[in-house]
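Residues per chain, in single letters:
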Amino acid sequence: MTTFLRDTATVFTREATPALREPLGLLFAMGQPLLFLFLFGSLLDGAVGSSWQWFVPGILVMMCLSGPMAAGYLMLVELLGGSLERLTVTPLNRTAMLVGRTLKEMAVLLCQAVLIILLAIPLGFRLYPAGVLAGLAMLIVLGVGLGALSFVLAIKSVPSGTLFYVVTQMVMFPVLLLSGVLLPVESGPAWLRVVGQINPISYIVDAQRALFSGDLTDPSILYGTAATCLIAALGLWLGNRAMRRGI
């Protein structure tokens with residue numbers, strides 16, 4: 001266990017150091033979420049009840065989906081360049097390599113989420129501390145699972161990388177839209193509502209909105225938690241399996 005924790009810390013430090021050296025890059029990565037926050041949030045004011053309580057959680061889920069995909073892209077670049085292959089011949093634990101990378105992305109996501117929340121408060125977002133903390137914890141667990149899945153996708157995309165680009169460009173965006181992150185799916189046609197019901201991310205979005213509104217007893221929280229844990233467990237299992245089988 002001591003070796004595993006040490007290897008995890010080593011990988012985390014290796015991944016986090018470039019981000020700490022260029023903190024402005026983290027702000028630039030938030031360009032799209034901030035644009036959606038200030039423009040869409042204002043346009044939806046009054047259309048979906050308390051628009052900021054409805055929209056801010058959606059923005060955070062969107063960031064949680066896009067961040068791990070960026071992590072998978074960085075791994076793909078290292079795989080294609082050969083640098084990750086040199087790392088795998090070291091005594092580092094393969095599972096620690098996965099966990100360390102994922103924790104780095106979650107640390108970045110947490111910092112960005114806190115900044116989004118702070119910027120939304122002057123716009124009318126009401127802060128419910130217990131709900132916000134529970135919501136952020138759920139997002140961290142979700143991000144761990146999605147990060148691990150993105151690493152699996154990066155490994156499976158070698159040597160061309162085509163599979164990674166196809167999935168991230170043609171699958172993730174529809175999944176994002178059909179989860180009701182930007183617009184309420186309930187106002188769409190029947191077929192769209194049916195597709196939204198089979199999208200696990202939609203349950204997580206509903207749970208986040210309940211938590212950020214301070215409604216800790218809403219049944220959607222149970223469904224969102226179950227979907228989050230399922231994605232995290234699947235991602236960690238597949239990611240650990242892919243890393244141990246070799247790159």
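Preceding this paragraph is the structure being described.
Nothing here was measured: the structure is a model prediction, and the numbers come from that model. (Residues numbered from 1 in each chain as written. Predicted model: local features only at pLDDT ≥ 70, side-chain atom pairs only at ≥ 80, totals over all residues. Heavy atoms only, no water.)

### Side note on the nonpolar core
For clarity, the threshold we go by: Buried residues of nine kinds, namely Ala, Val, Leu, Ile, Met, Phe, Trp, Tyr and Cys, make up a nonpolar core once their side-chain atoms join them within 4.5 Å. Note on classification: 1.4 Å probe, protein chains only; a residue is buried when its accessible area is under 20% of the maximum for its type, exposed when over 50%, partly exposed between these limits. Helix and strand definitions here come from DSSP, where helices need a minimum of 4 consecutive H or I residues and strands a minimum of 2 consecutive E residues; each element is numbered from the N-terminal end. Residue contacts are counted whenever heavy atoms from the two residues lie within 4.5 Å of one another.
Counting 42 residues, the largest nonpolar core has V56, L60 and F125 as the members making the most contacts within it. Only α3 (31-43), α4 (51-81), α6 (94-120), α7 (129-156), α9 (172-177), α11 (200-212) and α12 (219-245) provide two or more residues apiece to this core. At 12 residues, α4 tops the list of elements feeding residues into this core. Look past the residues within four positions of V56 in its chain and what remains in contact with it is L37, I116, A120 and F125.

### What about the side chain of K104?
Turning to its location among the elements, K104 is positioned in helix α6. Contact partners of K104, with chain neighbours within four places excluded, come to F12, E15, A16 and A19.

### With respect to the packing of aromatic side chains
What counts, and what does not: Ring pairs are drawn from Phe, Tyr and Trp, using the six-membered ring of Trp, whenever the two centres fall within 6.5 Å, and their geometry is named by plane angle: stacked under 30 degrees, edge-to-face over 60, tilted for the rest.
As enumerated under the stated definition, the model contains four aromatic pairs in all. A centroid spacing of 6.5 Å and a plane angle of 55° characterise the contact between Y73 and Y165, whose relative ring orientation is tilted. Of the two residues, Y73 is situated in helix α4 and Y165 in helix α8 (residues 162-170); the sequence distance between them amounts to 92 residues. Using a relative accessible area of 38% as the deciding quantity, one classes Y73 as partly exposed. Where F125 meets F212, the ring centres are 6.1 Å apart and the plane angle is 50°; that geometry is what we call tilted. Residue F125 is found in the loop between α6 and α7, and its partner F212 is found in helix α11; the two are separated by 87 residues along the sequence. Judged on exposure class, the residue F125 and its partner F212 are both buried. An aromatic cluster is present here, built from Y73, F164 and Y165 joined pairwise through their rings.

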